[in-house]
Amino acid sequence: MADSKEKHDDGPYRSDNRRQELMASAAHLFNQRGYDATSMRDIAREAGMLAGSMYYHFPSKDDLIIATYEEGTRLITEAVETAIEGVQDPWERLEKAAIAHMNTLFGGNNFSILLCADISRTAPALRIRLIESRDSYDALFMALIEALPLPADVDPTLLRLSLLGSLNWSSSWYRPGGQTPAQIGALFVRLLKDGLKLPSDK
């Protein structure tokens, strides 16, 4: 019935709404099963649509994967940018960013948690597109780290990889009931800061 209604109600609002529903269903299944184990038919069933109707919105599964990944990047970027707005101290800005990152990952957002998925075994063309989508977010953290008062022999790129790697790896072990995502994010930044011999410490 839902799919029949879609065929008769093809206004722009309805179309955008169904596209978002498909993306939400896809993100949920991608998180549960992984990209490879999730078929377009699975996603259509989850969204309450006929499989053929999906191709009006997304010509292929790769297009749907890219769309969900880009949405996750957009949501987590907005959360971090909002969190650091007006904050001047560079270490506090990085801590606020890490907290926002963790809160977004574990706040029931099926989209942003996709950024933690292992994409090393995806097809090369798809992997390139996903990396391109993530690059803008990585650049945001890179700018935050480059603003820190770091010793001259410390590589900012390695710091970014270390911090984001630690934050994202939490998706494999975090369980509610212990420290909150915000506390974990703040802890990783504190460990990073304490592990550096800063110019002011000399």
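Now for a look at the structure at hand. (Residues numbered from 1 in each chain as written. Predicted model: local features only at pLDDT ≥ 70, side-chain atom pairs only at ≥ 80, totals over all residues. Heavy atoms only, no water.)

## A look at the environment of R45
- Note that R45 resides in helix α3 (residues 40-47).
- Taking the C-alpha atoms as reference, R45 lies 9.9 Å from L22; in sequence the two are 23 residues apart.
- Of note is the side chain of R45, whose polar atom sits 3.3 Å from the side chain of D42. (Helix = DSSP H or I, 4+ residues; strand = E, 2+ residues; numbered from the N terminus. Polar contact = N/O pair within 3.5 Å; in protein donor to acceptor, adjacent residues only side chain to side chain.)

## What to know about the packing of helix α5 (residues 61-84) against helix α7 (residues 124-146)
- Viewed as axis vectors pointing N to C, α5 and α7 meet at an angle of 5 degrees, and their least axial separation amounts to 9 Å. Considered as vectors, α5 and α7 are oriented roughly parallel to each other. For the pair formed by α5 and α7, the contact residues are D62, I65, I66, Y69, E70, T73, I76, T77, V80, E81 and I84 on the first element and L126, R129, L130, S133, R134, S136, Y137, L140, F141 and L144 on the second.
- When grouped by side-chain class, the residues that make up the contact of α5 with α7 number twelve nonpolar, four polar and five charged. (Axes fitted to C-alpha atoms, helices over the stretch in contact; angles between N-to-C directions. Parallel < 35°, antiparallel > 145°, perpendicular 65-115°, else oblique. Contact = heavy atoms within 4.5 Å. Nonpolar A, V, L, I, M, F, W, Y, C, P; charged D, E, K, R; others polar.)

## Describing the layout of surface pockets
- Roughly 600 Å³ of volume is contained in the largest pocket.
- As for the largest pocket, its lining consists of 27 residues, of which F30, N31, C116, A117 and D118 are closest to the centre.
- Those elements giving two or more residues to the lining of the largest pocket turn out to be α2 (12-33) and α8 (156-169).
- Top element by residues in the lining of the largest pocket is α2. It accounts for five residues.
- When its residues are assigned to classes, the lining of the largest pocket shows eleven nonpolar, twelve polar and four charged.
- As a volume, the second largest pocket reaches approximately 190 Å³.
- Lining the second largest pocket we find H101, L115, R134, Y137, D138, R160, L161, L164, G165 and N168. (1 Å grid on protein atoms, 1.4 Å probe; cavity = no way out; pocket = protein on both sides within 12 Å on 5 of 7 lines; lining within 4 Å. Points joined across faces, edges and corners; volume = space filled by probe spheres on them.)

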